[in-house]
Amino acid sequence: MRAVVVRGYGGPEALEVADLPLPEPGPGQVRVRIEAASVNPLDVFVRTGGMQAAGMAEPRESTGLGVDLAGVVDAAGPEAGGLRPGDRVIGLSLNLAHDSGTYAEYCVADPAVLAAAPQRASAQEAAGLPLGGMTALVCLDHLALQPGSTLLVTGAAGNVGGFLTQLASRRGIRVVAAARPSDEDLVRGFGAAYFVEGGDGLADAVRDVVPGGVDAAVDPAVVVGLAHAAVRDGGQFLSLVMHGMPEEGRDIKSTVVWAHPDPARLAELSALVDEGALRLRVARTFPLEEAGTAHALLEQGGVRGKLVIVP
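Residues numbered from 1 in each chain as written. Predicted model: local features only at pLDDT ≥ 70, side-chain atom pairs only at ≥ 80, totals over all residues. Heavy atoms only, no water.

## Points about helix α4 (residues 130-143)
For α4, with 14 residues, the first-to-last C-alpha span of 20 Å sits near the 20 Å given by 1.5 Å per residue. Most of α4 is tucked away: twelve of the 14 residues are buried. Every buried residue of α4 is listed here: P130, L131, G132, G133, M134, T135, A136, L137, V138, C139, L140 and L143. Once α4 finishes, A144 follows within two positions and takes phi at roughly 50 degrees, a positive value. (Helix = DSSP H or I, 4+ residues; strand = E, 2+ residues; numbered from the N terminus. Expected span 1.5 Å × (residues − 1). Buried < 20%, exposed > 50% of the residue type's maximum accessible area, 1.4 Å probe, protein only.)

What follows is the structure, encoded as structure tokens:
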């Protein structure tokens, strides 16, 4: 099979397409023919050697890219649960130091990282759901905000920010969505109660609409101190990256939160898509050979919707 790998950590040009052996599912595993895989900042972290720099993995001669997938089960090993060949699935395969990831024609996965794909979405759309959607759910579960509480979401027009805004609004949380002025209609359509423009005046803008500050903030845009300053004393602040932690103060509880595979929660997200309650967005699609172009666009910023690799 063909798969995108990085052999020398670096920029987007470090990505290349390699010919790898077709993986065979072992006991408790299935093989998925991948129809689409979305591009995430986590993939950039792997490509640039972030895993090694952080002491999370040893240097490797070749590392596969990609964690999100949408595809079709095409083979199953013994004791593979209820999944059968022909089942359409989505998945979050957080194998960050392996020969191949989900930028590939096939992958082998444990059923515990897979769930039924939404029926009302294409594979390209569904591929952007697992990591972003699970990150949003984990954040909301961690915050445990009550209906009527206020939540600042930075980068509310992005993938994680968009899911956070939609899911929080469904829970009766009043979302203050921070984004570019051109995105106001978009984030209000996600259910945001308030819109504010990101930038140096973020905290003042938030406190203008929520006097005293919001109960909590989640910071996908990594503006850190600007968002932290918008939180009330004793509130909560969530970062999605280690370098996005603010200085402590005002009894605000700051935490780094990461997504993890959970088939039941993935199924919950799929059901919301099928109900028309969760919107999926694709910006552009790319063949395996253009994965580097997709990475370059992601790093430029300002992408609205997911960049998707189609093997």
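## Quick look at unusual backbone geometry
Phi angles above zero are rare outside glycine, and E79 is one such case at about 60 degrees. Tracing the backbone through its elements, the reader meets E79 in the loop between β5 (68-76) and β6 (88-92). At V222, a residue that is not glycine, the phi angle is positive and equals roughly 55 degrees. Among the secondary structure elements, V222 is positioned in the loop between β12 (214-218) and α8 (225-228).

## Focus: helix α10 (residues 291-300)
All of the buried residues along α10 are A291, G292, A294 and H295. For α10, the angular spread of the buried residues around the axis is 155 degrees, confining them to a single face. Following α10 by one or two positions, G301 has its phi on the positive side, about 85 degrees. (Arc of directions from axis to C-beta.)

## Let's talk about empty space enclosed by the protein
Considering all chains together, one arrives at two cavities of 30 Å³ or more under this definition. For the largest cavity, the calculated volume is near 70 Å³. Lining the largest cavity are E125, G128, L129, N159, F163, Q166, R279, L280, R281, G305 and K306. For the lining of the largest cavity, the element with the highest residue contribution is helix α5 (residues 159-170), accounting for three residues. Counted as a void, the second largest cavity has a volume near 30 Å³. (1 Å grid on protein atoms, 1.4 Å probe; cavity = no way out; pocket = protein on both sides within 12 Å on 5 of 7 lines; lining within 4 Å. Points joined across faces, edges and corners; volume = space filled by probe spheres on them.)

## Examining the pattern of salt bridges
Oppositely charged side chains are able to pair whenever their charged atoms sit close together. The full count for this structure, using the stated rule, is 16 salt bridges. Across the pair R2 and E105 runs a salt bridge whose closest N-O atoms are separated by 3.3 Å. Here the residue R2 occupies a position in strand β1 (residues 2-6), and E105 occupies one in the loop between β6 and β7 (106-109), the gap between them amounting to 103 residues. For R250, the salt bridge goes to D233, with nearest N and O atoms at 2.8 Å. Placement of the pair is R250 in the loop between β13 (231-239) and β14 (253-256) and D233 in strand β13, with a sequence separation of 17 residues. (Salt bridge = Lys/Arg side-chain N within 4 Å of Asp/Glu carboxyl O.)

## With respect to the sheet that holds β1
Two modes of strand pairing occur in sheets, parallel and antiparallel, and in both the strands are linked by backbone hydrogen bonds. Spatially, the three strands line up as an open sheet ordered β2-β1-β4, and their pairing is antiparallel. Lying at the two open borders of the sheet, with one neighbouring strand each, are β2 (15-19) and β4 (63-64). As judged from the five bridges shared by β1 and β2, these two strands associate in the antiparallel manner. Bridge assignment links V6 to a residue of β2, and that residue is L15. (Pairing = 2+ DSSP bridges.)

## Re the layout of surface pockets
As a volume, the second largest pocket reaches approximately 270 Å³. Lining the second largest pocket are 14 residues, with P23, H98, D99, S100 and V108 positioned closest to its centre. A per-class count over the lining of the second largest pocket returns six nonpolar, seven polar and one charged. (Nonpolar A, V, L, I, M, F, W, Y, C, P; charged D, E, K, R; others polar.)

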